[in-house]
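# Results of the structural survey
These are the residues of each chain, in order.
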Amino acid sequence: MAYSCKTYELRCNECGKAFGNQPISACDVCLAPLEVHYDLESIRPQVTRASIAAGPFNIWRYKALLPIPDGYEPDLPVGFTPLVRARALGKRVGTDHLYIKNDAVCFPTLSFKDRVVAVALANAQAFGFTTVGCSSTGNLANAVAAQAARLGLKATILVPSDLEPAKILNTLVYGARLIRVEGNYDHVNRLCTQIAEEYPWGFVNVNLRPYYAEGSKTVGYEIAEQLGWRLPDNVVCPMAGGSLIRKIRKAFSELVSLGLVEEKLVRFFGAQATGCSPISQSVKQALDYIEPQRPNTIARSLAIGNPADGPAASKMIRSTGGYAEDVSDVEVIAGIQELAETEGIFTETAGGVTTAVTARLCADGRISPDQTTVSVITGNGLKTTDALSGRYATERSIRPRLADFSTYLNELDQVRGRELVEAGAC
Ligand SMILES: *Cc1c(COP(=O)(O)O)cnc(C)c1O
Ligand SMILES: [Zn+2]
C-alpha cells in the first residue's frame, strides 16, 4: 500500500524524515504529524496564472498543487465557491472591505469538507482501499458518504451519538453505514484510530489525514485568484481541528513561492465557540500547547476538544500577528441571523461563529476598516435548522381575499411598530 510520485511525498513536520506516499499520519520516530511536502521547483514550470485560468471551474484547476496520484483523473466539480463583497455586513460590523468566501454552497454536500474528501478519496483509491470512513462532527460524514457512493466505495462513518438530525440523514441517504458512538468527537476519533489499525480501511481524517488536509488549500488558492491574484490583509477562519486555517496559509505561501502573487503579510484570525475554545485559549495565553476541553456548544461542527492541529494553528496565528477569538452560543445565533439579513447567506452554526468573531475583531480594533478582510463561511444553515428552532413563530394563515390580506398586513405593521418602540429605535 504505497505509490511513488515525483512531485510530492509525506515528511515529518518535526524531524523531516521522508515517508514516500503511504496511508499513515504520524512519524514513527517522533510521533509528530506528517505533512505533504512538494518539490515546488519541479512544479513551477507547469503552473502559471494562465494555466490555472484554463482549467475547470472547480478545485481541479489547482491539481498540480495537490497530492493527486499521476494518471488519476478526478471529475467531480468540487469547490470554486463564490467570493462575495459583503458591503452590508461590512457596514454593520464597521469595516469597508469585507468579503465572504461562501462554502455554504460547496458542491456536492454544502460544506468545505467536500474539498478535503475529494483529495482524500483520490488517495484512498490509489492505495487500493475499497472501504473508506471517518470520524466526524457531521459535515465530513456527509461529504465522505456522498463521494464514496459516486466512486463505488463502501463507507463506514462514526459520529457522536447526539449529532444534529439533518447531518445524520444527510449521511444515511447515500447508503453509508453510520455508527453513532456514545461520547463526544474526541472519543469517536480515538476509536477510529484503533479501528484503522485493525481493519484495512482508509479513514480520511486518520490514516489518510495528510492527504485530506491538503484539500483545504484550495480555499486559499481560490481566495487569491478571486481577488485578482492578490492576497487579503486578514483572514477570519473557523477552527475545529485547526487544519483549515493552517492550509489557507500554506496555500498563500506556495503562491508566493511560485511567483503567482506578490508577497504580503496576511494576518490570520481563528474563530471558535466559547463552549469549545481550546485553540483560541491557547492563542490568548500565548501557549505552545493546547489544554483539551470538554465541548459544550451548539456549534457542533467545531466541537473538537483536543484538536490535532491545535498547537501548530496557535503558533501560526501568532506568528502572523493575528489573534483568535471565541463567542457565546447566543452570539453564534445572532451571527447566523446577521449574515442572513445583510448578505442573504444562510450558514450553519460554524458560520455564525465566524461572523460573530469577525464583528468582535472589528469592534475591538484588531481588524481595521480600510483593510481587505475575508471571512470564511464553511457550512450551510439548512443542516443546523434546530439551532434556530423557536426563533421564528409560524404566523397564522389568512383566507385568499384582498381584504384579509390588508387587515393582516396592518396587524403585522403594528406588531413591528411595537417591537421597534420597545427596542428604542423610534
Ligand atoms: C470541519 C469544519 C471546520 C473546521 O475544520 P478544521 O480543519 O478541522 O479546523 C469549519 N467549519 C465547518 C463547517 C466544518 O465542518
Ligand atoms: Zn519525525
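Residues numbered from 1 in each chain as written. Chains lettered and ligands numbered in written order. Predicted model: local features only at pLDDT ≥ 70, side-chain atom pairs only at ≥ 80, totals over all residues. Heavy atoms only, no water.

## Here's the deal with the site of ligand 1
Surveying the vicinity of ligand 1 reveals 15 residues, the closest of which are Lys 113, Gly 241, Gly 242, Leu 244 and Thr 378. Between Thr 378 and ligand 1, the recorded distance is 2.6 Å, taken from a side-chain N or O atom to a nitrogen atom. Residues that form the shell around ligand 1 fall into these classes: seven nonpolar, six polar and two charged. (Near = heavy atom within 4 Å. Polar contact = N/O pair within 3.5 Å; in protein donor to acceptor, adjacent residues only side chain to side chain. Nonpolar A, V, L, I, M, F, W, Y, C, P; charged D, E, K, R; others polar.)

## Remarks on the coordination of the zinc ion (ligand 2)
Distances from the zinc ion (ligand 2) to its protein donors, Cys 12 (SG), Cys 15 (SG), Cys 27 (SG) and Cys 30 (SG), fall at 2.2 to 2.3 Å. Every donor counted, the four donor atoms about the zinc ion (ligand 2) form angles of 95 to 124° at the centre, which fits tetrahedral coordination. Read in sequence order, the donor residues for the zinc ion (ligand 2) give the motif C-x2-C-x11-C-x2-C. You can see Cys 12 sitting in strand β1 (residues 8-12) and its partner Cys 27 sitting in the loop between β2 (18-20) and β3 (34-38), a full 15 residues away along the chain. Considered together, Cys 12 and Cys 27 belong to a single accessibility category, that of buried residues. (Donors = N, O, S within 2.8 Å, 3.2 Å for Na, K, Ca; no water. Tetrahedral: all angles 85-135°; square planar, octahedral: opposite > 155°, others 65-115°. Helix = DSSP H or I, 4+ residues; strand = E, 2+ residues; numbered from the N terminus. Buried < 20%, exposed > 50% of the residue type's maximum accessible area, 1.4 Å probe, protein only.)

## A short note on the nonpolar core
The nonpolar side chains of a soluble globular protein tend to be buried with one another. The biggest cluster of nonpolar side chains holds 108 residues, and the ones touching the most others in it are Val 144, Ile 157 and Val 353. For this core, the element with the highest residue contribution is helix α14 (residues 349-363), accounting for seven residues. Non-local contacts of Val 144, meaning those with residues more than four positions away in its chain, are made with Val 117, Val 132, Cys 134, Ala 155, Ile 157 and Val 204. Ranked by size, the runner-up nonpolar core spans 11 residues in total, among them Ile 68, Tyr 72, Val 119 and Ala 122. (Core = buried A, V, L, I, M, F, W, Y, C linked by side-chain atoms within 4.5 Å. Contact = heavy atoms within 4.5 Å.)

## Some remarks on the side chain of Thr 373
Structurally, Thr 373 is set in strand β13 (residues 372-377). Beyond its immediate stretch of four places on either side in the chain, Thr 373 contacts His 97, Leu 98, Tyr 99, Asn 234, Val 236 and Ile 367.

## What to know about a nonpolar patch on the surface
Together, Ile 398, Leu 402, Phe 405, Leu 409 and Leu 412 line one region of the surface with nonpolar side chains, adding up to about 440 Å² of accessible area. With respect to the helices and strands, the residue Leu 402 is situated in helix α15 (residues 402-422). (Patch = residues over 30% accessible without salt bridge, like charges linked within 9 Å, V, L, I, M, F, W, Y side chains within 5 Å. Areas by Shrake-Rupley, 256 points an atom, 1.4 Å probe, with all protein chains shown as cover. Salt bridge = Lys/Arg side-chain N within 4 Å of Asp/Glu carboxyl O.)

## Description of the sheet that holds β1
Spatially, the three strands line up as an open sheet ordered β2-β1-β3, and their pairing is antiparallel. Strands at the two margins of the open sheet, each flanked by one partner only, are β2 and β3. In this sheet, neighbouring strand axes are inclined to one another by 40° on average, regardless of whether the strands run parallel or antiparallel. Where β1 meets β2, two bridges bridge the pair, whose relative direction is antiparallel. Each bridged residue has a counterpart across the sheet, and for Arg 11 the counterpart in β2 is Ala 18. (Pairing = 2+ DSSP bridges. Axes fitted to C-alpha atoms, helices over the stretch in contact; angles between N-to-C directions.)

Take it as geometry only, folks, not as evidence of what the structure does.
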